[in-house]
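Structural characterization, general
Each chain, written out:
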Amino acid sequence: QGQLVESGGGLVQAGGSLRLSCAASGRTFSSYAMGWFRQAPGKEREFVAAISWNAGRTHYADHVQGRFTISRDNAKNTVYLQMNSLKPEDTAIYYCAATLTLMVPVGERDYDYWGQGTQVTVSS
């Protein structure tokens, strides 16, 4: 069984930056598409960004396009989410997810493995 563990969350002021990491263990995720989702209090979990197995393709939600960057290091079995120009509305628990596909899925149901999440809080 594979496991995903997120880290890098925290409290930051609006306009600041954070870099989230998702470390995979238990299996090699180099053939898996990886995604980031988030869930704000009282809201449903939503798609943030995804990257193909070889980092050849990425996809972003409109509300983070141009501010967030997803990347991966298959040698380290790790995926990253660089978040710049953070806004209070980015406050949420951020989840890492993985699925074995050549595509770049944006749907929550398309992913098979999930981390426990890391809290990101952006103060105004």
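An account of the accompanying structure is given in this report. The residue count restarts for each chain, going from 1 along the sequence in the order it is written. Only residues with pLDDT of at least 70 get local features here, since the model is predicted, and only at 80 or more are side-chain atom pairs given and counted; chain-wide, interface and lining totals rely on the full set of residues. To get the side-chain values, all heavy atoms of the structure are used, and hydrogens and water are removed first.

The disulfide criterion is simple: two cysteine sulfur atoms within 2.5 Å. One pass over the full model with this rule turns up one disulfide. In this model Cys-22 forms its disulfide with Cys-96; the gap between the sulfur atoms is 2.1 Å. Residues Cys-22 and Cys-96 are joined through a disulfide that is left-handed, its torsion about the S-S bond being -75°. A residue pair is termed long-range when its members are at least 10 positions apart, and Cys-22 in strand S3 (residues 18-25) and Cys-96 in strand S9 (residues 92-99) qualify at 74 residues. Only DSSP runs of H or I covering at least 4 residues are called helices, and only runs of E covering at least 2 are called strands; the numbering of each starts at the N terminus.

Moving on, we get to empty space enclosed by the protein. In this analysis, the protein atoms alone were mapped onto a 1 Å grid. Cavities are point sets where a 1.4 Å probe fits without being able to get out; pockets are open sets with protein on both sides within 12 Å along at least five of seven lines; lining residues have an atom within 4 Å of a point. Grid points are joined across faces, edges and corners, and a volume is the space filled by probe spheres set on the points. Evaluation of the coordinates by the stated rule reveals one cavity of 30 Å³ or more. Computed from the structure, the largest cavity encloses a volume of approximately 40 Å³. For the largest cavity, the full set of lining residues is Cys-22, Ala-24, Phe-29, Met-34, Arg-72, Asn-74, Asn-77, Thr-78 and Val-79. When residues of the lining of the largest cavity are traced back to their parent elements, those giving at least two are S3 and strand S8 (78-83).

Turning our attention to the sheet that holds strand S1 (residues 3-7). Criterion used throughout: strands pair if DSSP finds at least two bridges between them. Pairing within the open sheet is antiparallel, and its four strands lie in the order S1-S3-S8-S7. Each edge of the sheet is formed by a strand with only one pairing partner; in this case those strands are S1 and strand S7 (68-73). Going from strand to strand, the sheet's axes swing by 15° on average, the running direction of each strand aside. Across six bridges, the pairing between S7 and S8 is antiparallel. Bridged to Thr-69 within S8 is Gln-82. Fitted lines through C-alpha atoms serve as axes, helices being fitted only where they are in contact, and the angles separating the N-to-C directions of these axes extend from 0 to 180 degrees.

For Gln-1, the location among the structural elements is in the segment before S1. Along the primary structure Gln-1 and Leu-86 are separated by 85 residues, whereas in three dimensions their C-alpha atoms are 34 Å apart. Residue contacts are counted whenever heavy atoms from the two residues lie within 4.5 Å of one another. Not counting the four nearest positions on each side in its chain, Gln-1 is found in contact with Ser-25, Gly-26, Arg-27 and Tyr-113.

For the rest of this paragraph, the subject is the pattern of salt bridges. Whenever a carboxyl oxygen of Asp or Glu lies within 4 Å of a side-chain nitrogen of Lys or Arg, that contact is scored as a salt bridge. Enumeration over the complete set of coordinates arrives at four salt bridges. One salt bridge in this structure joins Arg-38 and Glu-46, with 2.7 Å as the shortest N-O distance. Among the residues examined, Arg-38 registers a relative accessible area of 5% and is labelled buried. With its nearest N and O atoms 2.7 Å apart, the salt bridge here joins Arg-67 to Asp-90. Of the two residues, Arg-67 is situated in the loop between strand S6 (58-60) and S7 and Asp-90 in the loop between S8 and S9; the sequence distance between them amounts to 23 residues. Asp-90 matches Arg-67 in its accessibility class, with the two residues each being buried. Type-normalised accessible area, obtained with a 1.4 Å probe on protein chains alone, sets the label of each residue: buried when under 20%, exposed when over 50%, and partly exposed for intermediate values.

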